[in-house]
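Secondary and tertiary structure notes
Chain by chain, the residues:
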Amino acid sequence: SRQWRGVIREYADRLDVTDATPIVTLGEGGTPLLPAPALSRRTGADVWVKFEGMNPTGSFKDRGMTLAVTKAVEHGAKVVIAASTGNTSASAAAYAAHAGITAAVLVPEGRIAMGKLSQAIAHNAKLLQVQGNFDDCLDLARELAATYPVHLVNSVNNDRIEGQKTAAFEVVEVLGDAPDLHFIPVGNAGNYTAYTRGYREDVAAGNATRMPRMFGFQASGSAPIVRGEPVKNPETIASAIRIGNPASWELALQARDETDGYFGAIDDDKILEAQRILSTEVGIFVEPASAISVAGLLERSAAGAVPSGARVVLTVTGHGLKDPQWALRLPDGSEVKPTVVPVDVVAIAQVLGLSA
Ligand code: F0G
């Protein structure tokens, strides 16, 4: 048996690395692409889910971070810096720890999920809570990297996009070609850009016969690309994509035009409903930002924009354990209180509705 070696080693011929590159990896990539029969039944399409929560720190960020930190080390950097809504900070912290360097991360105060905050702390990042939003954090990180000896590992760093394009390679390997439609959450639009690049390279290499139409989704309260202008105070329960001025905006519009793609906005209640559908009917638990791919599919399907039998891939970007509070809340906002039972078989059988 053979162990998956992480995306740099697995795709060395398709990334800018040499035999001398000091690879920093935690075994990222090689994530499951799972058929989702319940979503296929609901939409009449052939739906697959790329479960990126299965990466080492629980999100797709690891694919880009392995290359970004590898390159930082190759260039002699001792400190990497990133702005983050949570997942990037968790990933940067873990890869920096593995490399024996420092991660400095800027996050919006009080606005990132507890799981992600604890990851950054666990991996000993210098975590600073900025009294501003994510867009402020990114401006600060870029300015710091321009002025001080710190290496920026946000997705404005092309190494991040390069590493993340490998997810598209994996999809094509499993399906034998690109899908017809690809649904993906959008924050900075780095991942939307990365998948488009990966598919484009697969077509050029003869691995795929076509590009999928790239369908990206933002939360309604944080939908600058859909609205066509920055959002000053972005709001959504999907904290990972609470972004008002996406870093890869221009690249994303190019990718949309190249693939005959689409950007849509989804309300928070639909995001939570989709999260529940995915966890209860498919068995995959994702954080709210990731569930927007599912919500987007259901919305586009209801709008008649998903042809029957179309092959559809949904990227779900982060694990549900990162931000578990939403699963413990009912749609009416009340808290779920699991039933308490005595140490008594008959009483438990009764509660479970079992009869001998
Ligand atoms: N899904 C999750 C779970 C994310 O954490 C992010 C971005 C996205 C989707 C959107 O990806 O920015 O490439 O369009 N999170 C960043 C962070 C901003 O700091 O962790 P994108």
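Residues numbered from 1 in each chain as written. Predicted model: local features only at pLDDT ≥ 70, side-chain atom pairs only at ≥ 80, totals over all residues.

As named in an unreviewed UniProt entry, the protein chain is Threonine synthase, taken from Agromyces bauzanensis. Under the UniProt heading Cofactor (unreviewed entry), the note attached to the protein chain is "pyridoxal 5'-phosphate". Listed in UniProt under the heading Catalytic activity (unreviewed entry), the comment for the protein chain reads: "O-phospho-L-homoserine + H2O = L-threonine + phosphate". (UniProt positions renumbered as here; feature names shortened; annotations may be inferred.)

Across its full length, the protein chain carries 14 helices and 10 strands. Taken over C-alpha atoms, the radius of gyration comes to 20 Å for the protein chain, in line with the 21 Å a tight globule of 356 residues would show. With the principal axes as the frame, the protein chain shows a C-alpha extent of 65 × 50 × 45 Å. In the protein chain, which comprises 356 residues, the proportion classed as buried is 54%. Within the protein chain, contacts between residues separated by at least 24 positions form 70% of all contacts whose residues are at least 6 apart in sequence. (Helix = DSSP H or I, 4+ residues; strand = E, 2+ residues; numbered from the N terminus. Rg over C-alpha atoms; globule rule 2.2 N^0.38 Å. Buried ≥ 20, exposed ≤ 12 C-beta atoms within 10 Å, placed from the backbone. Contact = placed C-beta atoms within 7 Å.)

Near the ligand there are 23 residues, and of these S84, G187, G190, T317 and G318 occur at the shortest range. Of all the secondary structure elements, the ones that give two or more residues to the shell around the ligand are α4 (87-99), α9 (190-204) and α13 (288-302). With 3 residues, α9 is the single largest residue contributor to the shell around the ligand. For the shell around the ligand, the per-class residue count stands at 7 nonpolar, 14 polar and 2 charged. (Near = placed C-beta within 6 Å. Nonpolar A, V, L, I, M, F, W, Y, C, P; charged D, E, K, R; others polar.)

Here we take up the UniProt feature "binding site: pyridoxal 5'-phosphate" (unreviewed entry) in the protein chain. This chain's UniProt record puts "binding site: pyridoxal 5'-phosphate" (unreviewed entry) on N87, G187, N188, A189, G190, N191 and T317. Within the element layout of this structure, N188 appears in the loop between β7 (181-185) and α9. Other than its neighbours up to four places away in sequence, N188 contacts S155, I243, P246, A247 and S248. Note on placement: N191 falls in helix α9. The exposure class of N191 is buried, given the 28 C-beta atoms found within 10 Å. Once residues lying within four places of it in the same chain are set aside, the contact partners of N191 are F60, Q164, I184 and T317.

A common measure of how large an interface is: the accessible area buried when the components associate. If you check the domain split of the protein chain, you get domain 1 (7-59 + 160-328) and domain 2 (61-156). When contributions to the side of domain 1 that touches domain 2 are tallied by element, the ones reaching two or more residues are α1 (7-10), α7 (158-164) and α8 (166-175). Sorting elements by how many residues they give to the side of domain 1 that touches domain 2 places α7 first, with 5 residues. By residue class, the composition of the side of domain 1 that touches domain 2 is 15 nonpolar, 17 polar and 7 charged. (Domains from an automatic or database assignment.)

We now examine unusual backbone geometry. The backbone of N124 sits at a positive phi, close to 70°, despite the residue not being glycine. Along the chain, the position of N124 falls in the loop between α5 (114-122) and β5 (126-130). The partly exposed category is assigned to N124, around which 13 C-beta atoms lie within 10 Å.

Judged by nonpolar contacts, the single largest core of 103 residues is most densely connected at V69, V80, A92, V105 and V312. Each of domain 1 (7-59 + 160-328) and domain 2 (61-156) gives at least three residues to this core. Apart from residues no more than four positions distant in its own chain, V80 is found in contact with V69, A72, A92, A96, I101, A103, V150, H151 and V153. (Core = buried A, V, L, I, M, F, W, Y, C linked by C-beta atoms within 7 Å.)

Interaxial distance between α8 and α9 falls to 7 Å at its minimum, and their mutual angle equals 50°. Accordingly, the angle class assigned to the pair α8 and α9 is oblique. The element α8 and its partner α9 pack so that their crossing is right-handed. Counted together, T166, A167, A168, F169 and V172 of α8 and Y195, G198, Y199 and D202 of α9 form the full contact between these two elements. Taken together, the residues of the contact of α8 with α9 break down into 6 nonpolar, 2 polar and 1 charged. (Axes fitted to C-alpha atoms, helices over the stretch in contact; angles between N-to-C directions. Parallel < 35°, antiparallel > 145°, perpendicular 65-115°, else oblique. Left-handed = near helix turned anticlockwise from the far one by under 90°.)

What follows covers α4. The end-to-end C-alpha separation of α4 is 18 Å, in line with the 18 Å expected for 13 residues at 1.5 Å each. Looking only at α4, the buried set comprises N87, T88, S89, A90, S91, A92, A93, A94, Y95, A96 and A99. Next to the buried residues of α4 lie α3 (61-74), β3 (79-83), β4 (102-108), α5 and β5. With its phi angle positive at about 75°, G100 sits one or two positions after the end of α4. (Expected span 1.5 Å × (residues − 1).)

So, on to the sheet that holds β7. With mixed pairing, the 6 strands of this open sheet are ordered in space as β1-β2-β10-β7-β8-β9. This sheet does not close on itself; its edge strands, each paired only once, are β1 (33-35) and β9 (262-266). With direction set aside, neighbouring strand axes in the sheet form an average angle of 25°. As paired strands, β7 and strand β10 (residues 311-316) are joined by 3 bridges and run parallel to one another. Considered in β10, the bridge of H182 is made with V313. Its contacts with the sheet place helix α11 (residues 249-259) against β8 (213-219) and β9, and it is angled at close to 140° to β8. (Pairing = 2+ DSSP bridges.)

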